[in-house]
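Take a look at the letters that make up each chain.
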Amino acid sequence: MKRIVTMQDISCVGKCSLTVALPVISAMGVEAAVIPTAVLSTHTMFKGFTFHDLTGEIEPIMAHWKKEGFDFDAVYTGYLGSFEQLNIASHLFEQFGSGVMKIVDPCMADNGKLYAGFTKEFAAAMKDLCAKADIICPNLTEASFLLDIPYRTEYDEAYIRDVLKQLTALGCKKAVLTGISFENGILGAYSYDAEADVFYSYFTIEEREHFHGTGDIWASTLCGALVNGKSFEEAIRIACDYVRECIHLTLAEENHNTYGVNFEQAIPYLIQRLNG
Ligand code: PXL
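Below or above, wherever it landed, is the structure these notes cover. Treat the numbers as computed from the prediction; the structure is a model and nothing was measured. (Residues numbered from 1 in each chain as written. Predicted model: local features only at pLDDT ≥ 70, side-chain atom pairs only at ≥ 80, totals over all residues. Heavy atoms only, no water.)

1. So, the pattern of salt bridges
Evaluated as defined, the whole model comprises 10 salt bridges. Across the pair Glu264 and Lys15 runs a salt bridge, and its minimum N-O distance is 3.1 Å. Placement of the pair is Glu264 in the loop between α8 (232-252) and α9 (267-275) and Lys15 in the loop between β1 (3-13) and α1 (18-27), with a sequence separation of 249 residues. On the accessibility criterion, Glu264 (36% relative accessible area) is partly exposed. A salt bridge links Lys120 to Asp148, with the nearest nitrogen and oxygen atoms 3.9 Å apart. Of this pair, Lys120 sits in helix α4 (residues 120-131) while Asp148 is found in the loop between α5 (140-147) and α6 (157-169), placing the two residues 28 residues apart along the sequence. Residue classification places Lys120 among the exposed residues on the basis of a relative accessible area of 52%. Judged by relative accessible area, Asp148 falls into the exposed class, the value being 60%. Within the structure, one salt-bridge network assembled from shared partners comprises Lys102, Asp134 and Lys173. (Salt bridge = Lys/Arg side-chain N within 4 Å of Asp/Glu carboxyl O. Helix = DSSP H or I, 4+ residues; strand = E, 2+ residues; numbered from the N terminus. Buried < 20%, exposed > 50% of the residue type's maximum accessible area, 1.4 Å probe, protein only.)

As structure tokens, then:
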């Protein structure tokens, strides 16, 4: 059985980070090992969230795993909360990432703004982790902070290709930008494989609302699909389609959550796509 290790926080309510990575990766038939970086009562979009940092636990966890001889088929980092955690994520790559896929989702911003608690300096430090990854999957806001370029809501294909080239120039092999739209009502992802010098894009119908946590579901699905042996392009298609299906099911529910999507009831769709 394949095994992914993912390092991110656990937001007890909020359907993001580990509370989506674990079920999504498991549903895809892959063991999910976790490094929880912090425990929060909710994700940071709620007011008054509690926060308990677990940074001090991480190196001992890794040391124990080394002793036990564990290894992984992929190492995937999500939301990280401090410079120290960025350094520890690099250690995770050094200790468990050699010869296996390393995926960085540089969670820190959306809609032109950094999430609560993040700074431009953090974004600059995140670049170093991205340089060590095989694949990074920022949204356009995160890409703008990584590259220290203005965030744009109006852009064309040439601009996106240029951003992707700049992202892979940080040192990663592949970059995929999520939440890209050239046309009203059509949303998708645009990727660049720097080794092969190949661009790829995939678009679906844009659902009428955007939700929190969808980037984490997208990245978890990408990892799960890749570890299942899907090509980069197929993994992108599955991730886009699954997230769209999650939003679609959420919107169909009258009293739906406003903080996260109904990824749970879209799991049969995900499995069908994976086997299809
Ligand atoms: O979905 C990204 C994410 C993960 N974890 C926490 C967050 C967010 C986004 O705001 O607050 C704690």
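Moving on from the model shown.
2. Observations regarding α4
Between its first and last C-alpha atoms α4 spans 17 Å; for 12 residues at 1.5 Å apiece the expected length is 16 Å, and the two agree. Those residues of α4 not exposed but buried are Phe122, Ala123, Ala125, Met126, Leu129 and Cys130. Taken end-on, α4 shows its buried residues confined to a sector of 165°, consistent with a single buried face. For α4, exposure combined with an orientation more than 90 degrees from the buried face picks out Lys120 and Glu121. Against the buried residues of α4 lie β4 (74-77), α3 (83-96), β5 (101-104), β8 (135-136) and α5. (Expected span 1.5 Å × (residues − 1). Arc of directions from axis to C-beta. Contact = heavy atoms within 4.5 Å.)

3. Let's talk about the sheet that holds strand β2 (residues 31-42)
Taken in spatial order, the 9 strands make up an open sheet running β3-β2-β1-β4-β5-β8-β9-β10-β11, and their pairing is mixed. In this open sheet, the two edge strands, each paired with only one partner strand, are β3 (51-53) and β11 (198-205). In terms of strand pairing, β1 meets β4 through 4 bridges, oriented parallel. Residue Ile4 lies in a different strand from β4, and its bridge partner there is Ala74. The strands touched by helix α2 (residues 55-68) within the sheet are β1, β2 and β3, with β2 carrying the most contacts at an inclination of about 170°. Across the sheet, α3 touches β1, β2, β3, β4 and β5, and the angle it forms with β4 is around 175°. (Pairing = 2+ DSSP bridges. Axes fitted to C-alpha atoms, helices over the stretch in contact; angles between N-to-C directions.)

4. What to know about helix α7 (residues 214-227)
The terminal C-alpha atoms of α7 lie 20 Å apart, and with 14 residues this matches the ideal 20 Å at 1.5 Å per residue to within 8%. Positioned one or two residues after α7, Gly229 has a phi angle of 95°, which is positive.

5. Regarding the site of the ligand
Around the ligand, a shell composed of Asp9, Ser11, Cys16, Ser17, Leu40, His43, Thr44, Met45, Tyr79, Tyr115, His212 and Asp216 is seen. Here Asp9 contributes a side-chain N or O atom positioned 2.8 Å from a nitrogen atom of the ligand. Against a free-state accessible area of 320 Å², the protein chains account for coverage of 98% of the ligand. Partitioning the shell around the ligand into residue classes produces 5 nonpolar, 5 polar and 2 charged. (Near = heavy atom within 4 Å. Polar contact = N/O pair within 3.5 Å; in protein donor to acceptor, adjacent residues only side chain to side chain. Areas by Shrake-Rupley, 256 points an atom, 1.4 Å probe, with all protein chains shown as cover. Nonpolar A, V, L, I, M, F, W, Y, C, P; charged D, E, K, R; others polar.)

6. Focus on the packing of aromatic side chains
Following the criterion strictly, the structure yields 13 aromatic pairs and no others. Relative to Phe96, the ring of Phe72 lies with its centre 5.5 Å away and its plane at 70°, an arrangement referred to as edge-to-face. On the criterion of sequence distance, the pair formed by Phe72 in the loop between α2 and β4 and Phe96 in helix α3 is long-range, its members being 24 residues apart. Assigned by exposure class, Phe72 and Phe96 land together as buried. An aromatic cluster is defined as three or more aromatic residues linked by ring pairs; in this entry it consists of Tyr155, Tyr159, Phe182, Tyr190, Tyr192, Phe199 and Phe203. Lying over the aromatic face of Phe96, Lys66 brings its terminal NZ or CZ to 4.7 Å of the ring centre. (Phe/Tyr/Trp six-rings, centres within 6.5 Å; stacked < 30°, edge-to-face > 60°. Lys NZ or Arg CZ within 6 Å of the ring centre and 35° of its normal.)

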